[in-house]
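The residues making up each chain are set out below.
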Amino acid sequence: MSNFRSKYRYIMFTFLLLDILAILVFYPVKSHAELPKSDVSTAEAEVNKAPEAIVNQTLETSTIETEGKGPGEIASPPASCALSCVLPSSSIPPLTSKKATNPERVTPVSQLLEVAPPTNKKAPNNAAGQVTSVSQLSDVLPTDWAFQALQSLVERYGVIAGYTDDTFKGNRALTRYEFAAGLNAALDRLNELIATSTADLVKREDLDAIKKLQEQFSPELAQFRGRLDNLETRTAKLEANQFTTTTKLIGRAQIVLGSLLAGNNVVTKRPAPRNATLQGSTTLRLNTSFNGKDSLSLSLSGGNIESLGQTRAGLLGTFEGRTADNSSITFARNTILLGGVRYRFLPNPDTQVNIYALSDGASEIGLSGPINPYFESSSATGANGISRFSRRSLVYNYGDSGPGIAILQKLGKQVQVGIAYSAPNGGNPTANNGLFTGRYLALAQIIYYSSNRNFRVAATYVNTYSPANTQGLSGTNFGPAVGSNLVNSTVAGAGTVANLYGLQAFYQVNSKLAVNGWISYGAHRYLGRGDGSAMDWAVGLAFPDLFSEGALGGILVGMEPKLTRLSQGVNLGAGAGQADKDTSLHVEAFYQYKIGDNIEVTPGLIWITAPDSDANNPDSLFAWVRTVFRF
């Protein structure tokens, strides 16, 4: 009888291990055990992955659009993360439901606050947790044939892990590699029991069964341990040769082919040159974390991409149709510039604070990103849309690079508030400049998100002031640096104040179609002279995965900022009291095609009717092909 009991226990224990060790694979060794032989290089890529991608993956596995702990909740960053990722830059969210693999992608603020466009994918539920009692497994009943065996393994050996939804999923199949990984975990646990003088908990029959299983799977165990050793060696080599343990370098280079196909210079009234050009630019961004919950970002950039025009200057003699890629107007071409210095931290899980010595507050924290994610841009990701106008409404465009502070605050699960203060000439100590006595922009915005995150609407208010005869990095004293010449003009010798109001909305119709739009109004006051009014509006359609997975199509129609009213005592260059007399439409189309994870090509067209809001000017048409390389 004792012999029968011994054989019975051996058979039961063997079958039990075969069935139960499927769950043991959710011990940390699982990620190694499941790697095929040819994927060692993939594992190395994961080891060397930029922290932005790591945190993005962490956020993506937890909520709708797979970003965070729950709808509207800010995910707490892991303490070990190099925090350039925990406090992300404004950038577009993933364009498809496919998980992004670009290591250089900077996680957008919209993801930090779980506001990116939703997908149809559900967050995977595969994280494991140690079970201390079989009653914790909701799908295991006392009547199940393996109940007693499970109870024994849980309470005697502590080698059973369950899913995060408190289930066991005992019918799930497993591979031999998974079994070997689980067996290895069980052996480690038995060794722990023996080493801690608790060997009496381990029955002789169990040890015999384990020994036979170990012999049977010895090739897999040996191969598994060898691959682990190999990965550890390669990881150590990568760590020894990496740039730094706290800083990640993100690179972006682009080459653009462009040509004006039709159009006149609105100042000279003569046809503008139709010369094709091949130009380029490069941006390098260093993201550093000091404690795992902060981020210091430095941006260097340079290039020779010319703007189509400026206010009464340049190729077209107007800012209308200005591309999103052109170099700074106020610096010589091919000059390396420090384009941003920003420090970010989270005083609490619902609050993000940004202090910047050189940046644009509204742009830096991505206040327009959640409302226009498929057209928006950042210094790290670049633009999707071809023009500057397609990125954002008038209310965000009066700012300029300079020092300031910006704060994002979550109020509940469906409301986000953002405030920013920037002083474009805050680094200049001369008269009519400085942080508080010179040009400034103060912005406040509130965004509401629907519970399923497929709709959002934002209301924005901006107060801005520019002293007379000062100039920012955009080459303007005042104005949105897009739109007509009059809307970007000031009165010589007079300061200018503006109160700007904007309403923007975004709706993700489905995974293949999204709609966004805005309308903005600006009240200008030319101090001591009179008042003026400005407006702009736009409607855009985005087509994710158009013709190809990962691709993006976009169409936008709108009216760039124009001066709609002007006091009789004010002359901005067209005559006293003369505002823009006609309506100019901006029509834009682009198609972004990805070549792998790190290269994308975006051809597009910009069509401007009645340039400079003057129907006497013939329409202008510009073709643009942008190729971006990320590293």
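The preceding data block contains the structure.
Structural notes, computed from the coordinates. Model, not experiment: these values are computed from the prediction.

1. Some remarks on the overall build of the protein
Okay, so step 1: Within the protein, the secondary structure is distributed over ten helices and 18 strands.
Okay, so step 2: Per-residue burial over the protein gives 53% buried out of 631 residues.
Okay, so step 3: Expressed as a percentage of contacts within the protein between residues at least 6 apart in sequence, the contacts between residues at least 24 apart total 68%.
Okay, so step 4: Taken as a whole, the protein presents about 26300 Å² of accessible surface, with 58% of it coming from carbon and sulfur.

2. Some words on the nonpolar core
Okay, so step 1: Ranked by size, the top nonpolar core spans 22 residues in total, and within it Tyr 374, Phe 375, Ala 542, Leu 556, Phe 622 and Trp 624 carry the most contacts.
Okay, so step 2: Mapped onto this core, the elements with two or more residues apiece are strand 3 (247-262), strand 13 (513-526), strand 14 (530-544), strand 15 (552-566), strand 17 (599-608) and strand 18 (620-630).
Okay, so step 3: With residues up to four places along the chain from it excluded, the contact list for Phe 622 reads Gly 258, Ser 259, Leu 260, Leu 261, Leu 308, Thr 323, Gly 604, Leu 605 and Ile 606.
Okay, so step 4: In terms of nonpolar packing, the next biggest core, distinct from the first, is built from 17 residues, Tyr 356, Tyr 398, Leu 443 and Leu 500 among them.

3. Notes on the pairing of strand 8 (residues 402-411)
Okay, so step 1: As paired strands, strand 7 (residues 351-359) and strand 8 are joined by seven bridges and run antiparallel to one another. Paired with Tyr 356 across the bridge in strand 8 is Gly 404.
Okay, so step 2: Note that strand 8 and strand 9 (residues 415-422) share eight bridges and pair antiparallel. Residue pairing for strand 9: Gly 404 is matched across the bridge by Ser 422.
Okay, so step 3: Remark: three residues form the turn of the hairpin made by strand 8 and strand 9, two consecutive strands paired antiparallel; Gly 412 in that turn has positive phi of roughly 75°.

4. So, the side chain of Ser 584
Okay, so step 1: Here Ser 584 shows up in the loop between strand 15 and strand 16 (586-595).
Okay, so step 2: In terms of polar contacts, Ser 584 uses its side chain to reach the backbone carbonyl oxygen of Thr 609, at 2.6 Å.
Okay, so step 3: For Ser 584, the contacting residues outside a window of four places in its chain are Glu 320, Gly 558, Met 559, Glu 560, Ile 608, Thr 609, Ala 610, Pro 611 and Ser 613.

What counts as what
- Residues numbered from 1 in each chain as written.
- Predicted model: local features only at pLDDT ≥ 70, side-chain atom pairs only at ≥ 80, totals over all residues.
- Heavy atoms only, no water.
- Helix = DSSP H or I, 4+ residues; strand = E, 2+ residues; numbered from the N terminus.
- Buried < 20%, exposed > 50% of the residue type's maximum accessible area, 1.4 Å probe, protein only.
- Contact = heavy atoms within 4.5 Å.
- Areas by Shrake-Rupley, 256 points an atom, 1.4 Å probe, with all protein chains shown as cover.
- Core = buried A, V, L, I, M, F, W, Y, C linked by side-chain atoms within 4.5 Å.
- Pairing = 2+ DSSP bridges.
- Polar contact = N/O pair within 3.5 Å; in protein donor to acceptor, adjacent residues only side chain to side chain.

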